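Structural description and commentary
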Amino acid sequence: MLSKLDDTLDPRIRQLRQQYVSPSDVENATRQAIHAQLENAPLRLINTSTGHLCNRDVQINTFIESTEYEELLHSSVMHGPLQTEPIKEAVAKYFSWVMLSHKWETKEPLLHDIQGKGIYNLDPVGTVVKLQKFCGVARDAGHRWAWSDTCCIDQNNNVEVQRSVNSMFVWYHYSALTIVYLSDVPPSSKRGALANSIWNTRGWTILEFLAPKIVLFYQADWTLYLDDRSHNHKESVTITQELERSTGINARALVAFRPGMRDARGKLQWASTRVTTLQEDIAYPLFGIFGVHLPVLYGENKQNALGRLLQEIIAHSGDITSLDWVGQSSTFNSCLPAEISSYKALPYTLPPLPEDEIQNSVSTLRNNIVAVESASKLYTTLENLGIPRFANGRLQLPCIVFPLTAVRRSAGKDGDKCFTYKVKADGLQDLLVTTKDRLVQFSPTRRTRQTFLLIRPWNRYDLGLVDFTDESQSVDDWLDEPEDDELVTRSLRLLVRLARPFGGLLLAQQWSGEYKRIASDNNIIAQVRDMASVDDMMDVRMLEIL
C-alpha cells in the first residue's frame, strides 16, 4: 500500500509518505540483524520458557510469531526514516543466550534424551535437575535461550562436533552470560572453595571462563558463590584474586582475555595442570585460546593433538618458546613434549642486564677490532636467518650450533632410570645433561660416527629490534641509543646478550641427515667460554628436526 504512494505527484502525500517505512524494508533489516546475531551463536539452544531444544530455523520462527516482533515491526513502520539500531538492539536482546560451564558427571542428559521433549517435563532426577535449574536461572535472569554442552551438540555427527569445538570460544565470548556451576561447593562456602573446586582443574573450563565477558558462579544449591549478587563476578576483586592464585593466570587475562599466539609458553603453562576425560581434549580447548582452527580428530592420541596445535603456533607466529620444556619427547616431533604437563615448570629466564653493565661491556669490546668485525658479521648473518618453519611434523629450526666433542657418563647406581653425562662442546663451558636416553660416549681420541649438537634456538627478538606488535614499544625505543655506528652498537649489544647463559637443546643426527632432540629431565643450561670469541658462535644453520 505504501509503495503506491511513492509515485504520487502531490507533495503533501509525499511528505506524509516519508513519515512511514515499508514493512518489507523493516523485514529485510530484521533478517539482516538476525543473521548477524546468530552468526556467533550455537547451532542449537534450549528455549528457557518452554524447555524445548530448538535449531536456528525454529528460533527465528519463534521470533517472527512473537509479540516482540509485532511491536518492533509496528514501531519501525510508524517512525520513518528506517532506523536500524533499534532493530539490532531488539534482535540482540531476543536472541541473547546463556552458556553453562560445569564438570560432566557420570550420566548427563544427551541430545537424544531431550529432543522433542520439554526439559521441565523430565523426571527431576540426577543430572536432569542440573539442566532444569540452569535453564530456570537463565530464564529468571531475562534470557530466552540457554546452551549446555551435554545436550546441545550431536555427539554422533563428526561435522557438527568439529564445528562446535572450533566455535566454542566464540560462543562463550558472545554469550550474554556464562553460568558456572560448582557442584562440589556446598552452600555458604567461604573464600577458597572455588579455588579447590574440581571445576578449576578441568581442561575445557579454562576456555569457558576466559572467553565470556560476564560470568556468575553458583554453588551446589544454585545460590551465588560468596553471596556475591553483582551482575558480573569477573568484576569481583575477591573472586578474581582467588582464581589468579589458583590458576596462575594474571588478573588482566582473567577479566579481559584476548585470544592469540602472543606469550604462547605462558598460555601452555596455564593448561599444564588441567585434566580431561578424553586425552585429545588436553589440546582442543586451546584452539580457541590461541585463535586457531584445526581439524578435530577424536580418536587420535594426545601427543598428536598437542603436536598439531604446537606446530600451528610455531608455523604461524615464529614463537619458539614452546620448545622450552623438560620431560619426554613427543612421537609427533622430538622437539615437542609428550605431555602438556611438561610446561608446568617455569621457563628458563635470566633477569635483564642493567643498562650500564651492557654499555660497559660494549665499550670494552669496541677496543677489540677483531671482535667488532666478527660481531657485525654475526649480527648480519642472524638478521638474515629465516624464521622457523613447521609442517607435516618436520621442524625447520634456525639456530646457533655448537658441535659436541666429548660425552662421558657420570658414575651412577644400578637401576637408575636417568643418566647424567658430562658434555663438552666447541666454544661452550663444560656442562651436565640428565636424560633417560642412553647416549653414545665418545671423546676426541675415541670418536663416534653419529653427530651430536648442542644448539641455541634462534629467536629474532634477541636482535633487540622493536616489536611493532607490542603496544609497549615504539620506534623511539632506538633513538636513545648512544651510538657512533648503529650497526656496530647493535652487533656488540647482541654479543653481550649471547654471552649470557641460555637454555640449549641436545640433538642427535639420524642416518638420513635430519636430527632428533634428546629430551632431558632438567633444563640444559649452557654458556659460551668467552664473550670475545665470536668465531665460536658463527656456526649458524637451519636444521631439520624430526
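Not measured: the values here are computed from a predicted model.

A short note on the overall build of the protein chain
When helices and strands are tallied, the protein chain shows 17 helices and 15 strands. Here the protein chain has a C-alpha radius of gyration of 30 Å; the compact-globule value for 546 residues is 24 Å, and the former is much larger. In terms of overall dimensions, the protein chain has a C-alpha envelope of 100 × 65 × 45 Å along the principal axes. For the protein chain, the exposed area adds up to about 27,300 Å²; of that, 50% sits on carbon and sulfur atoms. Here the protein chain contributes 58 positive and 66 negative side-chain charges, whose respective centroids are spaced 6 Å apart.

Notes on unusual backbone geometry
Here Trp-222, not a glycine, exhibits a phi torsion of approximately 65 degrees, which is positive. Inspection of the secondary structure assignment puts Trp-222 in the loop between β6 (215-218) and α10 (237-247). A relative accessible area of 12% places Trp-222 in the buried class. With phi around 60 degrees, Leu-226 is a residue other than glycine that occupies positive phi space. Structurally, the position occupied by Leu-226 is in the loop between β6 and α10.

Regarding the sheet that holds strand β1 (residues 44-47)
One open sheet accounts for six strands, arranged β2-β1-β4-β3-β5-β6; its pairing is mixed. The two strands at the open ends of the sheet, each matched to only one other strand, are β2 (53-55) and β6. Taken pair by pair, the neighbouring strands of this sheet meet at an average axis angle of 35 degrees, ignoring direction. With three bridges connecting them, strand β3 (residues 97-101) and strand β4 (residues 145-147) associate as parallel partners. Paired with Trp-97 across the bridge in β4 is Trp-145.

Details of the pairing of strand β8 (residues 394-409)
Here strand β7 (residues 389-391) runs beside β8; their pairing, made up of three bridges, is antiparallel. Within β8, the residue paired with Phe-390 across the bridge is Leu-395. Hairpin connection from β7 to β8: two residues lie between these consecutive antiparallel strands, with Asn-392 at a positive phi of about 55 degrees. Both β8 and strand β15 (residues 540-545) contribute to a ladder of six bridges, which runs antiparallel. Its bridge partner being in β15, Ile-400 is matched across the sheet by Val-540. Where β8 lies against strand β11 (residues 452-457), five bridges are found, and the strand directions are antiparallel. Bridge pairing in β11 places Phe-402 opposite Leu-454. Relative to strand β9 (residues 419-425), β8 runs antiparallel, the two being bridged by five bridges. Across the sheet, Ala-406 pairs through a bridge with Lys-424, a residue of β9.

A few points about the pairing of β11
Taking burial as the measure, the six residues of β11 include six buried ones, the bulk of the element. Covered by surrounding structure in β11 are Phe-452, Leu-454 and Arg-456 together with Leu-453, Ile-455 and Pro-457, the residues of both alternating faces.

Some thoughts on the nonpolar core
In terms of nonpolar packing, the biggest core is built from 114 residues, with Ile-46, Phe-134, Trp-147, Ile-179, Phe-217, Phe-290 and Ile-455 touching the most fellow members. With residues up to four places along the chain from it excluded, the contact list for Ile-179 reads Val-98, Met-99, Leu-100, Ser-101, Phe-134, Val-137, Ala-138, Leu-216, Tyr-218 and Trp-222. Counting 44 residues, the second largest nonpolar core, distinct from the first, contains Leu-365, Ala-375, Phe-402 and Ala-499.

Focus on the packing of helix α2 (residues 23-38) against helix α3 (residues 56-64)
Geometry of a packed helix pair, given as the angle between the helix axes and the separation of the axes. It is the contact of α2 with α3, at a shortest axis distance of 12 Å, that shows an interaxial angle of 140 degrees. Between α2 and α3, the crossing angle belongs to the class labelled oblique. Two packed elements cross with a definite hand, and for α2 against α3 that hand is right-handed. On α3, the residues that touch Thr-30, Ile-34 and Leu-38 of α2 are Arg-56, Gln-59, Ile-60 and Phe-63. Looking at the contact of α2 with α3 residue by residue, the classes come out as four nonpolar, two polar and one charged.

A closer look at the environment of Asn-232
Along the chain, Asn-232 falls in the loop between β6 and α10. We classify Asn-232 as buried; its relative accessible area is 4%. With 15 residues separating them along the chain, Asn-232 and Phe-217 place their C-alpha atoms 9.2 Å apart. Of the polar contacts made by the side chain of Asn-232, one reaches the backbone nitrogen of Lys-234; its length is 3.0 Å.

Quick word on the side chain of Thr-178
The residue Thr-178 is located in strand β5 (residues 177-181) in this model. Sequence-distant contacts of Thr-178, that is, excluding residues within four places in its chain, are made with Met-99, Ser-101, Tyr-172, Glu-208, Pro-212, Ile-214, Val-215 and Leu-216.

A word on the packing of helix α16 (residues 369-383) against helix α17 (residues 486-498)
Between α16 and α17, the least distance of the axes is 8 Å, while the angle of their chain directions is 85 degrees. By the angle class used here, α16 and α17 are roughly perpendicular. Contact with α16, carried on its side by Val-372, Ala-375, Ser-376, Leu-378, Tyr-379 and Leu-382, involves Leu-487, Val-488, Arg-490, Ser-491, Leu-492, Leu-494, Leu-495 and Leu-498 of α17 and no other residues of that element. Of the residues in the contact of α16 with α17, the class split is eleven nonpolar, two polar and one charged.

Describing the pattern of salt bridges
For the structure on display, the rule yields 14 salt bridges. For the salt bridge of Glu-68 with Arg-144, the shortest nitrogen-to-oxygen distance reads 2.8 Å. With Glu-68 in helix α4 (residues 67-78) and Arg-144 in the loop between α7 (127-140) and β4, this pair connects stretches of sequence that are 76 residues apart. By relative accessible area, Arg-144 is classed as partly exposed at 24%. Taken together, the shared-partner salt bridges connect Arg-394, Glu-514 and Glu-544 into one network.

Each value, and the rule that gives it
- Residues numbered from 1 in each chain as written.
- Predicted model: local features only at pLDDT ≥ 70, side-chain atom pairs only at ≥ 80, totals over all residues.
- Heavy atoms only, no water.
- Helix = DSSP H or I, 4+ residues; strand = E, 2+ residues; numbered from the N terminus.
- Rg over C-alpha atoms; globule rule 2.2 N^0.38 Å.
- Areas by Shrake-Rupley, 256 points an atom, 1.4 Å probe, with all protein chains shown as cover.
- Lys, Arg positive; Asp, Glu negative; His and termini not counted.
- Charge placed at Lys NZ, Arg CZ, Asp CG, Glu CD.
- Buried < 20%, exposed > 50% of the residue type's maximum accessible area, 1.4 Å probe, protein only.
- Pairing = 2+ DSSP bridges.
- Axes fitted to C-alpha atoms, helices over the stretch in contact; angles between N-to-C directions.
- Core = buried A, V, L, I, M, F, W, Y, C linked by side-chain atoms within 4.5 Å.
- Contact = heavy atoms within 4.5 Å.
- Parallel < 35°, antiparallel > 145°, perpendicular 65-115°, else oblique.
- Left-handed = near helix turned anticlockwise from the far one by under 90°.
- Nonpolar A, V, L, I, M, F, W, Y, C, P; charged D, E, K, R; others polar.
- Polar contact = N/O pair within 3.5 Å; in protein donor to acceptor, adjacent residues only side chain to side chain.
- Salt bridge = Lys/Arg side-chain N within 4 Å of Asp/Glu carboxyl O.

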